[in-house]
Amino acid sequence: MRIIKVKSYEQMSRQAANIISAQVIIKPDSVLGLATGSTPIGAYDQLGKWYKKGDLDFSKVTTVNLDEYVGLSGENIQSYRYFMEKNFFEKINIKKENTFVPNGTAKDLVAECTNYDDRIKKLGGIDLQLLGIGVDGHIGFNEPSDCFEKSTHVVTLHESTIAANSRFFDSIDDVPKKALTMGMVSIMQAKKILLIANGKQKEEILNKALYGPITPQIPASILQLHPDITIIYSEV
Ligand code: F6R
């Protein structure tokens, strides 16, 4: 486990973008596991800038996102598909057909979850998985629970997650209560993991996750078992 402490959100974003670009340069057909939320926006922006300068090529890259709200289509501005298009995919030369986000409007959500895992398997797994962390220790939307969920599944979001994510919605009542999320197998089988976090409010949970007991009550604690994980943390 490598822990890199940096001094600002900008530094965290730049370092994360550096690791992601190294991955894409070394393996142009990388499968990148991606996250949404406020934490990775700066890294996506930086990657977009480096692409524009001609330093990066995403034409052979495939992406698989961690999660999506149930009930929101990709056109909905609150959906994670829309977030990815605006914050990353539109800024680079990735092929739309090579970008995957779980479909939160699928008629059969269970089948959608199974298909999502099959897709990741067919792609040969994830080369580099980018993660944020929730204040309750969630990764993707794997919420604290009595067991680690292995596969992609439908999850009921915790109050604290709904409250934290309400900042992106007009009102807390508009935040979907359910989501689809990748499970721990696909995340833990990623060849490399890059977890980024910023802000004092993430410090306590990060310490518990990285140094405390490995427990499904703190889903991110399972990452202690990963052989190749880098954490970049900025206090501000
Ligand atoms: C989103 C995701 C979540 C976020 C986490 C932190 O795709 O996987 O686990 O990483 O909720 O969110 P932010 O970055 O908004 O603090």
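Each value, and the rule that gives it
Residues numbered from 1 in each chain as written. Predicted model: local features only at pLDDT ≥ 70, side-chain atom pairs only at ≥ 80, totals over all residues. Heavy atoms only, no water. Helix = DSSP H or I, 4+ residues; strand = E, 2+ residues; numbered from the N terminus. Rg over C-alpha atoms; globule rule 2.2 N^0.38 Å. Buried < 20%, exposed > 50% of the residue type's maximum accessible area, 1.4 Å probe, protein only. Contact = heavy atoms within 4.5 Å. Near = heavy atom within 4 Å. Polar contact = N/O pair within 3.5 Å; in protein donor to acceptor, adjacent residues only side chain to side chain. Areas by Shrake-Rupley, 256 points an atom, 1.4 Å probe, with all protein chains shown as cover. 1 Å grid on protein atoms, 1.4 Å probe; cavity = no way out; pocket = protein on both sides within 12 Å on 5 of 7 lines; lining within 4 Å. Sits in = over half its atoms within 2 Å of the grid points. Pairing = 2+ DSSP bridges. Patch = residues over 30% accessible without salt bridge, like charges linked within 9 Å, V, L, I, M, F, W, Y side chains within 5 Å. Salt bridge = Lys/Arg side-chain N within 4 Å of Asp/Glu carboxyl O. Axes fitted to C-alpha atoms, helices over the stretch in contact; angles between N-to-C directions. Core = buried A, V, L, I, M, F, W, Y, C linked by side-chain atoms within 4.5 Å.

Things to note about the overall build of the protein chain
From N to C terminus, the protein chain includes 7 helices and 10 strands. Relative to a compact globule of 236 residues, whose C-alpha radius of gyration would be 18 Å, the protein chain shows 16 Å and is just as compact. Along the first, second and third principal axes, the C-alpha atoms of the protein chain reach 45 × 40 × 35 Å. Buried positions account for 55% of the 236 residues belonging to the protein chain. Considering only contacts in the protein chain between residues 6 or more positions apart, those separated by 24 or more positions represent 79%.

Examining the site of the ligand
Taken together, 15 residues form the shell around the ligand, and within it Thr39, Asp67, His138, Gly140 and Lys202 come nearest. Within the side chain of threonine 39, a nitrogen or oxygen atom sits 2.4 Å from an oxygen atom of the ligand. For the ligand, whose free accessible area comes to 410 Å², the fraction covered by protein is 94%. Put simply, the ligand lies in the largest pocket.

So, the sheet that holds strand β9 (residues 192-198)
Remark on secondary structure: sheet strands pair via backbone hydrogen bonds, oriented parallel or antiparallel. Judged by pairing direction, the sheet is parallel, and its 7 strands sit side by side in the order β1-β10-β9-β6-β2-β3-β5 without closing on themselves. Of all strands in the sheet, those bounded by a partner on one side alone are β1 (2-6) and β5 (99-100). For β9 and strand β10 (residues 229-234), the ladder comprises 6 bridges, and the chain directions are parallel. The partner of isoleucine 193 across the bridge, within β10, is isoleucine 229.

Focus on a nonpolar patch on the surface
Taken together, the side chains of Met1, Ile3 and Tyr211 define a hydrophobic patch exposed on the protein surface, amounting to about 320 Å² of accessible area. Among the structural elements, methionine 1 can be located in the segment before β1. Judged by its relative accessible area of 48%, methionine 1 is partly exposed.

Observations regarding the side chain of asparagine 142
Among the structural elements, asparagine 142 can be located in the loop between β6 (128-131) and β7 (153-156). The exposure class of asparagine 142 is buried, given its relative accessible area of 3%. Setting aside anything within four residues of it in sequence, one finds asparagine 142 in contact with Glu149, His153, Thr181, Met182, Gly183, Met184, Ile187 and Pro219.

With respect to the sheet that holds strand β4 (residues 67-69)
Spatial strand order, β4-β8-β7: 3 strands in an open sheet with antiparallel pairing. Looking at strand neighbours, the two that pair on one side only are β4 and β7, the edges of this open sheet. Taken over all neighbouring pairs, the strand axes of this sheet differ in orientation by 30° on average, direction set aside. Two elements, β4 and strand β8 (residues 178-181), share 3 bridges in a ladder whose sense is antiparallel. In the sheet register, aspartate 67 faces β8, and the bridge partner there is threonine 181.

Some words on the pairing of β8
Here β7 runs beside β8; their pairing, made up of 4 bridges, is antiparallel. Counterpart to threonine 156 in the pairing with β8 is lysine 178.

Here we look at the nonpolar core
Soluble globular proteins: nonpolar side chains tend toward being buried together. Counting 30 residues, the largest nonpolar core has Ile187 and Leu223 as the members making the most contacts within it. Those elements that place two or more of their residues in this core are α4 (109-122), α6 (184-188), β9, α7 (203-211) and β10. Tallying contributions element by element places α7 first for this core, with 4 residues. Membership of the second largest hydrophobic core comes to 26 residues, among which are Met12, Phe58, Phe83 and Phe89.

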